[in-house]
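# Notes for the structure review
Letter by letter, the chains look like this.
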Amino acid sequence: MPPEPTGNTSRFATSQSPQILTFVFDASSAMAGDLGCTLARGMQDVIICLQAGNQGAATSRYLLNIAAYSDDVQVIAELASLSDIALSSLSFEAARGTRNQCLALEWAVRAVNKSLDACRRGLLSYDQRAPVPVVFLFVAGHNTGPDITEAARALKNIPFDNGAALVMAIALRPIGERSLGALASRPDMAITSELLPSVYTTVWEVVASVSGTLSGPLDAGR
């Protein structure tokens, strides 16, 4: 089940008020094989549908940050428009190593803040017009790196308008409610997914439910 709508659901992602979406993928050894392949296919479908919804817009209605993490963080995209995303870059079959969630969360904090800074500099009244930024954290096991408390708190408290960016934690394997809940903004944003085929539906429904962007009119020519 996607979370209940929050914030101003009358806001739509447009060329002048793009939504910032950040995807952080577990690429540890737990993701090797079918699990990684299935996640890759699901995320490729999400990007294809976002690209289809962007047809006719002057520039991208979404700004994407994407990274995969294991012992370290592999950055796939930062402050990228939809046209910049190569589907082939969303591949997790070669997953390896452990799971340093602290590094991943620290990268997400930097990426979201960098994206917000760019939008606030270049777009009028961005916080008051744009949908809330959303971070999707995909995890396949418990953290094996340093303590994540401070990094998770920083990510969940990135200021936006009169609130904060939203963080959704999606467990691809059962890891326990407490561990998952420590990553998410709210209890209803901590979800254990059976993956087949729910990665696509979960992400797609969350983008719609937290901001209403998918029901909005296309800003053709803007």
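Summary of the structure given here.

Quick notes on the rules
Residues numbered from 1 in each chain as written. Predicted model: local features only at pLDDT ≥ 70, side-chain atom pairs only at ≥ 80, totals over all residues. Heavy atoms only, no water. Salt bridge = Lys/Arg side-chain N within 4 Å of Asp/Glu carboxyl O. Helix = DSSP H or I, 4+ residues; strand = E, 2+ residues; numbered from the N terminus. Buried < 20%, exposed > 50% of the residue type's maximum accessible area, 1.4 Å probe, protein only. Pairing = 2+ DSSP bridges. Axes fitted to C-alpha atoms, helices over the stretch in contact; angles between N-to-C directions. 1 Å grid on protein atoms, 1.4 Å probe; cavity = no way out; pocket = protein on both sides within 12 Å on 5 of 7 lines; lining within 4 Å. Points joined across faces, edges and corners; volume = space filled by probe spheres on them.

## A look at the pattern of salt bridges
In total, this model carries 5 salt bridges according to the counting rule given. In this structure, K114 engages E78 in a salt bridge whose closest nitrogen and oxygen atoms are separated by 3.4 Å. Here K114, found in helix α2 (residues 101–122), pairs with E78, found in strand β3 (residues 73–80); they are 36 residues apart in sequence, far enough to count as distant. Linking E150 and R153 is a salt bridge whose minimum nitrogen-to-oxygen distance equals 2.6 Å. With E150 and R153 both in helix α4 (residues 149–156), this residue pair falls 3 residues apart, about one helical turn. Note on E150: relative accessible area 56%, which makes it exposed.

## Looking at the sheet that holds strand β2 (residues 62–69)
Pairing is mixed across the open sheet formed by 6 strands, whose spatial order is β3-β2-β1-β4-β7-β8. Every interior strand has two partners, whereas the edge strands, β3 and β8 (190–192), have only one. The mean inter-strand angle of the sheet, taken between neighbouring strand axes irrespective of direction, is 15 degrees. The pairing of strand β4 (residues 134–139) with strand β7 (residues 166–171) spans 6 bridges and is parallel. Bridge pairing in β7 links V134 to L166.

## A look at empty space enclosed by the protein
Here the structure, examined in full by the defined rule, presents 1 cavity of 30 Å³ or more. For the largest cavity, the calculated volume is near 50 Å³. Taken together, V24, Y69, Q101, A104, L105, L137, F138, V139 and L183 make up the full set of residues lining the largest cavity. Elements supplying a minimum of two residues to the lining of the largest cavity: α2 and β4.

## What to know about unusual backbone geometry
Backbone geometry places L79, a non-glycine residue, at a positive phi of 50 degrees. Tracing the backbone shows L79 in strand β3. Relative accessible area serves as the criterion here: at 29%, L79 is assigned to the partly exposed category. Even without being a glycine, D161 presents a positive backbone phi close to 55 degrees. Taking the relative accessible area as the measure of exposure, D161 reaches 29% and is therefore partly exposed.

## Concerning the environment of M43
Turning to its location among the elements, M43 is positioned in helix α1 (residues 34–53). Along the sequence, M43 and L87 sit 44 residues apart, while their C-alpha atoms lie 8.6 Å from each other.

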